[in-house]
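Residue-level structure breakdown
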Amino acid sequence: MSRNVKGGFLTLSGVVGIVGMIIAAMQNPATAWVTPPGRMIVSILENGLLIPTVLFLVLFIYGLYIILTEKND
C-alpha cells in the first residue's frame, strides 16, 4: 500500500508539473519553429523551461514505474 501511495503521489505531481510547464510555454509561444520538434517544444526551449519539464517528466515516469512494478503479497 505504501508503494502505491508513493507512486501515485509522484505520478500526480509529475502530471501537474508537466501541465504547468505546457501552460507556461503556451503563454509566450514561439513565432518561428522547425517542424520536427514542433511549436510546443521550441516554446519550452525558448522560455527556459527545459530543466523543470525534464524533472517533472522524470517524476511522472518514476511514479508510473513504482505503480506498475508493485508486487502482490
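Residues numbered from 1 in each chain as written. Predicted model: local features only at pLDDT ≥ 70, side-chain atom pairs only at ≥ 80, totals over all residues. Heavy atoms only, no water.

**What to know about helix 2 (residues 39–46)**
All buried positions along helix 2 are accounted for by Val42, Ser43 and Ile44. Turning to helix 2, the residues buried within the fold contact helix 1 (2–27) and helix 3 (50–68). Following helix 2 by one or two positions, Gly48 has its phi on the positive side, about 75°. (Buried < 20%, exposed > 50% of the residue type's maximum accessible area, 1.4 Å probe, protein only. Helix = DSSP H or I, 4+ residues; strand = E, 2+ residues; numbered from the N terminus. Contact = heavy atoms within 4.5 Å.)

**Focus on the environment of Gly14**
The residue Gly14 is located in helix 1 in this model. Judged by relative accessible area, Gly14 falls into the buried class, the value being 0%. For the pair formed by Gly14 and Ile44, sequence separation is 30 residues and the distance between their alpha carbons is 16 Å.

**Observations concerning the UniProt feature "transmembrane region" (unreviewed entry) in the protein chain**
Under the UniProt annotation, the feature "transmembrane region" (unreviewed entry) is placed at residues 7–27 and 47–68. Note that residues 47–68 is 86% helix and 0% strand, and that its end C-alpha atoms are spaced 34 Å apart. (UniProt positions renumbered as here; feature names shortened; annotations may be inferred.)

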